[in-house]
Amino acid sequence: MAITGSGSLAISLVLFVISVAFLPKVEGQNLATDNVSVIEGETATISCRVKDNDDSVIQLLNPNRQTIYFRDVRPLKDSRFQLVNFSDNELRVSLSNVSLSDEGRYVCQLYTDPPQEAYADITVLVPPGNPMIESREEMVSEGNETELTCTAMSSKPAASIRWMKKGEELTGETTVEETYDRMFTVTSRVRFSVTKEDDGVPVDCIIDHPAAKDLLAQRQLDVLYKPEVKIVVAYPNGLTREGDNLDLTCIAEGKPHPRRIIWLRVDEDMPPHAVVTGHDLYIENLNKSYNGTYRCVASNAVGDAYDDYALYVYDAPTTIPTPTTNPVNTQDPRAGEGAPQKIDHAVIGGVVAVVMFAILCALIVLGRYFARHKGTYFTHEAKGADDAADADTAIINAEGGHNNTDEKKEYYI
């Protein structure tokens, strides 16, 4: 009668069992193995190791006590089990494409008297699916509280969830639910108040699990906030003086963008020459009656905000402007050709006074000079003239200073 392969293996096992029954008692042999953790779908390796083996038989059993390998023979019809190594000191077997049903306690058995056993527990790890973050609301206004929920589904063991925002860890509330297939779903909720600085800031949901690395979900905060308002002086660059023009620009940023910009004068009416164009306020030909506080108010769906500009008009400058071919003040882009020039009347008055004083001094000096020369002429002409009988005598008396009849007279023809 022909004997099939399976029948031959059965006969061999029976003969082996009979032979084991008559084996002598062996002491000092050690059988060892290790627990194994494996990710679902990957390969697990079980190693049965013997120290100081005396040719005793090694076999590997599954959690149901079915023989997987007897020495180097595989009675179990599961091709996922493959022999990796067989020797007197080791039986090593691999199990590919591990599933949850493969989890349990495997037995390494050594046929001695008495038989020795060692146990290897296979733990199957199932990583969670991609985490999901949900928000209670799509957008939140500054100062209010928002709530985010992160879920890690179908993992084994249960995953742990951490929250991070701008490098700081947030504290969440975690719940764990076990499903019918020995899997776990973990949900974490976190609540915190937001500010306008949180707009666009990412919040991370980080999943920690032995079967997964760098698993996270991220959501950016969408924060609404009231406008931020700032008044910028476009002209003039320095002090505001009488006769100048004033140009102010209101810069307003918010989320949503401000839908309305209003210019007003606090507690007073706007000057009659004030012109508002969009975000700009323009006042020409300033005078001191325009002093006061000017306010720009911006509004959006979240609220209102404003900025103030205090106007103080100084006196017109007291310097004579340098003559130019174009008398227009080119620093003011809105000034026309007829813009008034600033003249220092005090300086002009001083210059006129100096000129008049110089002229007066010149007249005094010339008067004294002419008066002195005129007196000398009359003195010489009159010397001896009163007592002279004729002109010749008058001249002689003038030159000599007295009447001398004894002097000789010379006549020139």
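Every value quoted in this text rests on a predicted model; they were computed, and no experiment measured them.

Cut-off values and rules
Residues numbered from 1 in each chain as written. Predicted model: local features only at pLDDT ≥ 70, side-chain atom pairs only at ≥ 80, totals over all residues. Heavy atoms only, no water. Salt bridge = Lys/Arg side-chain N within 4 Å of Asp/Glu carboxyl O. Helix = DSSP H or I, 4+ residues; strand = E, 2+ residues; numbered from the N terminus. Buried < 20%, exposed > 50% of the residue type's maximum accessible area, 1.4 Å probe, protein only. Polar contact = N/O pair within 3.5 Å; in protein donor to acceptor, adjacent residues only side chain to side chain. Contact = heavy atoms within 4.5 Å. Disulfide = S-S within 2.5 Å.

Asker: Before we move on, could you go through the pattern of salt bridges and cite the residues and values that matter?
Answerer: Counted by the stated rule, this structure contains 22 salt bridges. Residue Arg-80 is joined to Asp-102 by a salt bridge in which the shortest nitrogen-to-oxygen separation is 2.7 Å. Of this pair, Arg-80 sits in the loop between strand S5 (67-70) and strand S6 (81-86) while Asp-102 sits in the loop between strand S7 (90-95) and strand S8 (104-110); the two residues are 22 residues apart in sequence, bridging distant segments of the chain. For Arg-80, a relative accessible area of 22% puts it in the partly exposed group. Take Asp-102: its relative accessible area is 7%, and that puts it in the buried class. Measuring nitrogen to oxygen at the nearest pair gives 3.0 Å for the salt bridge that ties Glu-90 to Arg-92. A relative accessible area of 14% places Glu-90 in the buried class. In this structure Arg-92 comes out as partly exposed when scored by relative accessible area, which is 30%. Put simply, Arg-136, Glu-137, Glu-147, Glu-173 and Arg-191 are held in one network by salt bridges that share partners.

Asker: Can you break down the side chain of Asn-62 residue by residue, with the values?
Answerer: Mapped onto the elements, Asn-62 comes out in the loop between strand S4 (58-61) and S5. Among the polar contacts made by the side chain of Asn-62, one reaches the main-chain amide nitrogen of Asn-64 at a distance of 2.9 Å. Other than its neighbours up to four places away in sequence, Asn-62 contacts Ile-68, Leu-76, Arg-105 and Tyr-106.

Asker: Which residues make up the state of the cysteines, and what values go with them?
Answerer: Per the counting criterion, the structure on display carries 3 disulfides. Here Cys-48 connects covalently by a disulfide to Cys-108, the sulfurs 1.8 Å from one another. Sign of the S-S torsion, about -70 degrees for the bond between Cys-48 and Cys-108, identifies this disulfide as left-handed. Of this pair, Cys-48 sits in strand S3 (residues 44-51) while Cys-108 sits in strand S8, and the two are 60 residues apart along the sequence.

Asker: So what's going on with the environment of Asp-198? Residues and values would help.
Answerer: Along the chain, Asp-198 turns up in the loop between strand S16 (184-193) and strand S17 (202-209). For Asp-198, a relative accessible area of 3% corresponds to the buried category. On a C-alpha basis, the gap between Asp-198 and Lys-165 in space is 9.5 Å, while along the polypeptide they are 33 residues apart. Filtering out sequence-adjacent residues up to four positions away, Asp-198 remains in contact with Lys-165, Lys-166, Ser-193, Leu-221 and Val-223.

Asker: Tell me what's going on with unusual backbone geometry, and back it up with residues and numbers.
Answerer: Peptide bonds are, in most cases, trans, and in most cases residues other than glycine have a negative phi. Omega for the peptide link from Tyr-235 to Pro-236 comes to 0 degrees, which places this bond in the cis form. Look at the link from Lys-255 to Pro-256: it is a cis peptide, with omega at 0 degrees. If you trace the backbone, Pro-256 turns up in the loop between strand S20 (246-255) and strand S21 (260-265). Unlike most non-glycine residues, Ser-154 shows phi in positive territory, near 55 degrees. Looking at Ser-154, the relative accessible area reads 38%, which means it is partly exposed.

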